[in-house]
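Observations on chain architecture
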Amino acid sequence: MTRTARGSVETSTEADVDPQPTFESLDPRTGEVVGRHPIHDAHAVGEAVTGARKAQQWWADLGYAGRKQRLDAWRKLLLRRLDELAQVMCAETGKPLDDARLELVLVIDHLHWAAGNSEKVLRRRKVSPGLLMMNQAATVEYLPLGVIGVIGPWNYPAFTPMGSIAYALAAGNAVVFKPSELTPGVGEWLARTFAEVVPEQPVFTVVTGFGETGAALCASGVDKVAFTGSTATGKRVMAACAENLTPVLVECGGKDALIVDSDADLPAAAEAAVWGAMSNAGQTCIGVERVYVVDAVADRFLELVTERASKLRPGGEPKAHFGPITMSSQVDVIRSHVDEALDRGARALVGGSHSVRPPFVEPVVLTDVPPDAAAATEETFGPTLVVERVRSAEEGIERANDSRYGLGATVFSRSRGTELARRLRVGMVAVNSVIAFAAVPALPFGGVGDSGFGRIHGEDGLREFARPQSVTRLKYRIPINPMTFGRSNRTVRRLIRLVKTFRGR
Ligand code: NDP
């Protein structure tokens, strides 16, 4: 049997019966088959996890320096063969080659940070033993969890999963990765090249297939699942992991807002809004989907956005501003959001219903969208933007926060950027630029509400894949020992006196 990714199911004839079921990945620009991959069932996933579990001890025993050496070698390989992987990414997602290259530049920088900082962040360190335990030495160390199951999406098929994979490996874990069925070739490429620099053990392996393969990974007994994808699937992953009390990290979608204050640099804000909304055809979890612009500057801002957005052209060629909608079923979602908004009185400043021309969608900028319309509340995941006027930046914050999502946000304000940022109920904010936080490896990445929980990247991202182990070691004995049946009444009275003296003030 051969299936195509999120497409039709093809049944083989008896003559070409294949003992290993496979599926095809397709170029969304042309529908051309670009690869064939195994459909790993629960048994195969179990074998991958068992292999990874054995490899993990070996990997952990390499220590920070040994792992860093291997991860650095992998980083250099990725850099040398950047175009080879970028081509696979283009073929499977349809994104322009330079966008794929840019994604890999970020991957390389994150890998460098994770390998270079894991020891500093996770190694054993002393903490104060406190007043009552001053005769103890207290330390905490962050030890690897074991085997991490990583489940990734297709929109940034290298950058997004590597936010978990690189950090989990640097923390001493083994990884079994299930890439999206739309981008299995990218996952396989990553695992194959990792094996070139770590040939001894299957420290990082890939299992391919559909949702069932991901579900099998959740049930496989891995020590944590790091999931990135839609909120609906995130809930299913969490429910499956609950069976074994497997911890989860859940990075889901968003409906990110951009706020333009009255003193904003308007050309820069318009550029950020258009790039944040339209790059990668809007298929970005932290893409700009809504803008709230203060009335006083709204006319000029709308002019600038309209001028910029109407010049953009999607296409399959390298020079196109952005590529196709990678997942064909998303085209209907984009169309329904645009049509519903227009039917309910919204105005199209750029494009309209006619802009949806599968596999491409041309830029659409809408205004006067009813606040409860899907275009204003749900993740559209296309090159569309809703721009609304507000009386003040405060109203913009209120409307931005009125969402079940809370992933990222952007603020353009010359005088109050950071102040406004702190009032947004989101995990990340860029002030006077867009999406910058994702490119800073030291900054934790993640959201709140329906955007998920837990963090990749940064120190938090390393600790996400480790278990803190606290150790106390007796340094010397003291006469006051309350933790023995041999203690006297005086011991407790002395302790109470001590606490009154030092903690009663
Ligand atoms: P999906 O939720 O459809 O799929 C994500 C992954 O989960 C895929 O590998 C998928 O496999 C797998 N999967 C599907 N069903 C199950 C299941 N029952 N159990 C376990 N795994 C399963 O998301 P998309 O791939 O469509 O990605 C787009 C979404 O990802 C958007 O909502 C976007 O906002 C979000 N995203 C979030 C990011 C963040 O960091 N917060 C970053 C990037 C994207 P298969 O593909 O084979 O179905």
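Residues numbered from 1 in each chain as written. Predicted model: local features only at pLDDT ≥ 70, side-chain atom pairs only at ≥ 80, totals over all residues. Heavy atoms only, no water.

Some thoughts on the sheet that holds strand β11 (residues 248-251)
- The strand order β9-β8-β7-β10-β11-β23 describes an open sheet built from six strands, whose pairing is mixed. The outermost strands of the open sheet, each flanked by one partner alone, are β9 (204-206) and β23 (452-453).
- Pairing analysis gives four bridges linking strand β7 (residues 147-151) to strand β10 (residues 224-228), with the strands arranged parallel. By the bridge assignment, G149 is partnered in β10 with V225.
- Strands in contact with helix α6 (residues 184-197) are β8 (174-178) and β9; relative to β9, the strand with the most contacts, it is inclined by about 150°. (Pairing = 2+ DSSP bridges. Helix = DSSP H or I, 4+ residues; strand = E, 2+ residues; numbered from the N terminus. Contact = heavy atoms within 4.5 Å. Axes fitted to C-alpha atoms, helices over the stretch in contact; angles between N-to-C directions.)

A few points about the packing of aromatic side chains
- Applying the stated rule across the entire model yields seven aromatic pairs.
- Ring centres of F194 and F204 lie 5.7 Å apart, and the angle between their planes is 80°; this geometry places the pair in the edge-to-face category. Taken together, the residues span a long stretch of sequence, with F194 in helix α6 and F204 in strand β9 at a distance of ten residues. Like F204, F194 is buried.
- Among the aromatic residues, ring-to-ring pairing joins W59, W74, F194 and F204 into one connected group.
- The ring of Y64 carries R67 above its face, with NZ or CZ at 5.1 Å from the centroid.
- The lysine or arginine in question, R463, covers the ring of Y142, its NZ or CZ lying 5.2 Å from the ring centre. (Phe/Tyr/Trp six-rings, centres within 6.5 Å; stacked < 30°, edge-to-face > 60°. Buried < 20%, exposed > 50% of the residue type's maximum accessible area, 1.4 Å probe, protein only. Lys NZ or Arg CZ within 6 Å of the ring centre and 35° of its normal.)

Description of the UniProt feature "active site" (unreviewed entry) in the protein chain
- The UniProt entry lists E251 under the feature "active site" (unreviewed entry), expressed in the numbering used here.
- Position of E251 among the secondary structure elements: in strand β11.
- You can call E251 buried: its relative accessible area is 2%.
- For E251, the contacting residues outside a window of four places in its chain are F227, T228, G229, F445, G446, G447, S451, G454, R455 and I456. (UniProt positions renumbered as here; feature names shortened; annotations may be inferred.)

A short note on a positive patch on the surface
- Taken together, the side chains of R124, K126, R473 and K475 present a region of like positive charge at the surface.
- Here R124 is to be found in the loop between α4 (97-122) and β5 (125-127).
- On the accessibility criterion, R124 (55% relative accessible area) is exposed. (Patch = residues over 30% accessible without salt bridge, like charges linked within 9 Å, V, L, I, M, F, W, Y side chains within 5 Å. Areas by Shrake-Rupley, 256 points an atom, 1.4 Å probe, with all protein chains shown as cover. Salt bridge = Lys/Arg side-chain N within 4 Å of Asp/Glu carboxyl O. Lys, Arg positive; Asp, Glu negative; His and termini not counted. Charge placed at Lys NZ, Arg CZ, Asp CG, Glu CD.)

Considerations on the sheet that holds strand β13 (residues 288-294)
- Pairing within the open sheet is mixed, and its seven strands lie in the order β14-β17-β18-β13-β12-β20-β21. Either end of the sheet is taken by a strand with one partner, and the two such strands are β14 (347-350) and β21 (428-431). Taking each pair of neighbouring strands and ignoring which way they run, the sheet shows an average axis angle of 25°.
- Across the sheet, helix α10 (residues 295-309) is in contact with β12 (256-260), β13, β14, β17 (364-367) and β18 (384-390); its angle to β13 comes to roughly 145°.

Concerning helix α3 (residues 82-93)
- For α3, spanning twelve residues, the distance from its first C-alpha to its last is 16 Å, which sits close to the expected 16 Å at 1.5 Å a residue.
- Taken residue by residue, α3 has L82, L85, A86, M89, C90, A91, E92 and T93 as its buried positions.
- Buried residues belonging to α3 abut β3 (22-26), β4 (33-38), α2 (63-80), α4 and α6.
- Positive backbone phi, at 85°, marks G94, one or two positions downstream of α3. (Expected span 1.5 Å × (residues − 1).)

Here's the deal with the pattern of salt bridges
- All chains considered together, the criterion is met by 31 salt bridges.
- In this structure, the salt-bridge partner of E362 is R357, at a minimum N-O distance of 2.5 Å.
- A salt bridge links E378 to R404; the nearest nitrogen and oxygen atoms lie 2.7 Å apart. Of this pair, E378 sits in the loop between α12 (374-377) and β18 while R404 sits in the loop between α13 (393-401) and β19 (405-406); the two residues are 26 residues apart in sequence, bridging distant segments of the chain.
- Residue R404 is classed as partly exposed on the basis of its relative accessible area, which comes to 38%.

Re unusual backbone geometry
- Omega for the bond connecting P358 with P359 falls within 30 degrees of zero, at 5°, which places this linkage in the cis form.
- Here P359 lies in the loop between β15 (356-357) and β16 (360-361).
- Residue A281 is not a glycine yet carries a positive backbone phi of 55°.
- Structurally, A281 is set in the loop between α9 (266-278) and β13.
- According to the relative accessible area criterion, A281 is buried, its value standing at 1%.
- In this model, D368 sits at a positive phi of 55°, which is unusual for a non-glycine residue.
- What makes D368 partly exposed here is its relative accessible area of 41%.

Remarks on α2
- The first and last C-alpha atoms of α2 sit 26 Å apart over 18 residues, in line with the 26 Å expected at 1.5 Å per residue.
- Among all positions of α2, only Y64, G66, R67, R70, L71, D72, W74, R75, L77 and L78 are buried.

Some details on the environment of R192
- Along the chain, the position of R192 falls in helix α6.
- Along the chain, R192 and V206 lie 14 residues apart, while their C-alpha atoms are 8.8 Å from each other.

A look at the domain arrangement of the protein chain
- Per the domain assignment, the segments making up the protein chain are domain 1 (41-252 + 458-466) and domain 2 (256-441).
- Facing 19 residues of domain 1, the contacting portion of domain 2 comprises 19 residues.
- Carbon and sulfur atoms supply 59% of the area buried between domain 1 and domain 2, which totals about 1,600 Å² over both sides.
- By the criterion of area lost to domain 2, the three top residues of domain 1 are P96, W154 and Y156, representing 30% of everything that side buries.
- Our count for the domain 1 to domain 2 interface comes out at eight residue pairs in polar contact (both at pLDDT 80 or more).
- Within the residue set of the side of domain 1 that touches domain 2, elements represented by two or more residues are α3, α4 and α5 (159-170).
- Per-class residue counts for the side of domain 1 that touches domain 2 are nine nonpolar, six polar and four charged. (Domains from an automatic or database assignment. Buried area = accessible area lost by both parts, 1.4 Å probe. Polar contact = N/O pair within 3.5 Å; in protein donor to acceptor, adjacent residues only side chain to side chain. Nonpolar A, V, L, I, M, F, W, Y, C, P; charged D, E, K, R; others polar.)

Things to note about the packing of α2 against α4
- Between α2 and α4, the least distance of the axes is 9 Å, while the angle of their chain directions is 175°. When the interaxial angle is binned, α2 and α4 end up roughly antiparallel. Two secondary-structure elements touch here, α2 through Y64, K68, L71, D72, W74, R75, L78 and L79 and α4 through V107, I108, L111, H112, A115, G116, S118, E119 and L122.
- For the contact of α2 with α4, the residue count by class is ten nonpolar, three polar and four charged. (Parallel < 35°, antiparallel > 145°, perpendicular 65-115°, else oblique.)

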